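Chain and residue survey
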Amino acid sequence: MMDITIVYATGRKAQSCTYNIAQLLIKELLAGGKLFEFHLPRDMPHICIGCYACIKGQEQKCGGATALAPILNAMEQSELIIFCTPTYVFHVPGQMKTLLDHFAYRWMIHRPDLSFMKKQAVIINTAGGGGMRSTVREVKDSTDYLGIARTHILSQKVWDHDWTNLPASFRKSAEAKVRRTAQNVRRKAEHLTPSLKVRCLFTLYQFLHRKQKMSAVDDAYWQEKGYVTGKPWKQSRLGK
């Protein structure tokens, strides 16, 4: 059983390949757990204006704070976070970028929730042709810097087809990737440790905050949470 948060970068369902591939993965992994679903841009309509409130420790003054709160709450409750994003002109859709922008202050360099180091993520990406790597990289930058332990990639080319007319060979490929991804998520969950990149980022920022080399707001947060010593992924409980 696994609690899952999923964010869809599209409101399309029946015809969307990313949406339907996500449903296959959820079916493999949910097993009676809780499912939290969010659709963009409906559930995050606010666009970051660079006011810097969140970076200064005043995140509640952000115009998107109310919309972001239930998404963050769901992510905090979940063992798995799925970002479901097609490729738009070689990059993530604008609505997904809008959401990711609001996570800036939660990056490890600022004021992270290091319980995320006990979570996994899956990026589900489809594309008509190229641009899958650049799309995935934009999301994975965020999952790594948020401290999420392991991020799995599920990418599938679909050309100009939608889910209702997807060729059998494409569908078979997608289904095989879903099974493989689910297997990898379950296997990692048994003894979950952060990836090398995430551990290296954490070690760097832990050193900087221990020496109080960063902003006063962020240094104080790390000190208060007790993040300046130890390895959070080995602790049974983590402050939020």
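Let me begin by describing the structure that accompanies this report. (Residues numbered from 1 in each chain as written. Predicted model: local features only at pLDDT ≥ 70, side-chain atom pairs only at ≥ 80, totals over all residues. Heavy atoms only, no water.)

**Focus: the sheet that holds strand β1 (residues 4–8)**
Read across the open sheet, the five strands follow the order β2-β1-β3-β4-β5; overall the sheet is parallel. The two strands at the open ends of the sheet, each matched to only one other strand, are β2 (35–39) and β5 (150–157). Each strand axis lies, on average, 15° off the axis of its neighbour in the sheet, ignoring direction. Relative to β2, helix α2 (residues 65–77) is tilted by about 150°, and along the sheet it contacts β1, β2 and β3 (80–86). The strands touched by helix α3 (residues 94–101) are β1 and β3; relative to β3, the strand with the most contacts, the crossing angle is about 145°. (Pairing = 2+ DSSP bridges. Helix = DSSP H or I, 4+ residues; strand = E, 2+ residues; numbered from the N terminus. Axes fitted to C-alpha atoms, helices over the stretch in contact; angles between N-to-C directions. Contact = heavy atoms within 4.5 Å.)

**Digging into the packing of helix α6 (residues 196–210) against helix α7 (residues 216–225)**
Orientation of α6 relative to α7, taken along the N-to-C sense of each, is 105°, at an axis distance of 9 Å. Overall, the two elements α6 and α7 adopt an arrangement that is roughly perpendicular. Here α6 contributes Phe202, Tyr205, Gln206, Leu208, His209 and Arg210 to the contact with α7, which in turn contributes Asp218, Asp219, Trp222 and Gln223. Residues that form the contact of α6 with α7 fall into these classes: four nonpolar, three polar and three charged. (Parallel < 35°, antiparallel > 145°, perpendicular 65-115°, else oblique. Nonpolar A, V, L, I, M, F, W, Y, C, P; charged D, E, K, R; others polar.)

**Focus: the environment of Glu59**
The topology assignment puts Glu59 in the loop between β2 and α2. Residues Glu59 and Thr193 lie 134 residues apart in sequence; the distance between their C-alpha atoms is 29 Å. Contacts of Glu59, omitting those with residues within four sequence positions, involve Ala53, Cys54, Ala65, Tyr105 and Arg111. In this structure the side chain of Glu59 is engaged in a polar contact, spanning 2.8 Å, whose partner is the side chain of Arg111. (Polar contact = N/O pair within 3.5 Å; in protein donor to acceptor, adjacent residues only side chain to side chain.)

Fair warning: the whole summary comes from geometry, so function is off the table for now.
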